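Working through the structure, step by step
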Amino acid sequence: SEADKANARQLRQTTSENLKAAKMFSHKSSAIFYLCFGLPVQASHSARLAISLAESNAAANDQKGPLHFYSGAASFWSGEYSGAEEQLKKSLELSPGLPYASYYLGDLYIAEKQPLKAIEWLNAARAKSNSDEQKGNIDRALALAYTLNNQPKLAKQHIENARRELSSTATKEFPFIA
């Protein structure tokens, strides 16, 4: 009957979408794994596969920002700064509240010896952060950026902040990539 055919089509479509979602999450998990174990080339490949699957799945919209972050982090750790910058900014476009992408952009600009840009992105990351550990790591990077910008008083202030925040007894979180 026509109703059975329609139900079968719907079941095939749903199954196909579920398989794509499962593959996307598998590639996302692989990207995180590879980043945690210092394999940025493999992480980048997995993140890009996950992104391509997410692009064709409207249900994955909330995953797109973090996926671009993983791709950007992998490019950063591979030394591919232009690719990292593009992916990290795309991540922030899709998920503006992600402090990690702003943090990595700040580190990227430190690596490129652009302290004013680094300070801008690191301050944005700090404003979004909700833990002492995140703030401490960001303050450590801010101290370096202010040092590069020949602002020793601000550098010292951020070192003192980092020391205080990183010595708190609060539970430690996963690294920024997880």
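So, how was this worked out
- Residues numbered from 1 in each chain as written.
- Predicted model: local features only at pLDDT ≥ 70, side-chain atom pairs only at ≥ 80, totals over all residues.
- Heavy atoms only, no water.
- Helix = DSSP H or I, 4+ residues; strand = E, 2+ residues; numbered from the N terminus.
- Buried < 20%, exposed > 50% of the residue type's maximum accessible area, 1.4 Å probe, protein only.
- Polar contact = N/O pair within 3.5 Å; in protein donor to acceptor, adjacent residues only side chain to side chain.
- Expected span 1.5 Å × (residues − 1).
- Arc of directions from axis to C-beta.

**Topic: unusual backbone geometry**
One non-glycine residue with positive phi stands out, namely K113, at about 55°. Residue placement: K113 occurs in the loop between α5 (99-111) and α6 (115-128). When its relative accessible area of 64% is taken as the criterion, K113 is described as exposed. The phi torsion at N150 lies on the positive side, around 60°, for a residue other than glycine. When you line up the elements, N150 lands in the loop between α7 (132-148) and α8 (152-166).

**Observations regarding the environment of S131**
Positionally, S131 belongs in the loop between α6 and α7. Sequence-wise, S131 and L166 are 35 residues apart; in three dimensions their C-alpha atoms are separated by 9.9 Å. In this structure the side chain of S131 is engaged in a polar contact, spanning 3.1 Å, whose partner is the backbone nitrogen of Q134.

**Thoughts on helix α4 (residues 81-94)**
With 14 residues, α4 should reach 20 Å at 1.5 Å per residue; the first-to-last C-alpha distance of 20 Å fits that figure. Taken as a whole, α4 has its buried residues at G83, A84, Q87, L88, S91 and L92. Looking straight down α4, one finds that the buried residues subtend no more than 165° of arc, so they occupy a single side. Along α4, the residues that are exposed and aim more than 90 degrees away from the buried face are S82, E86 and E93.

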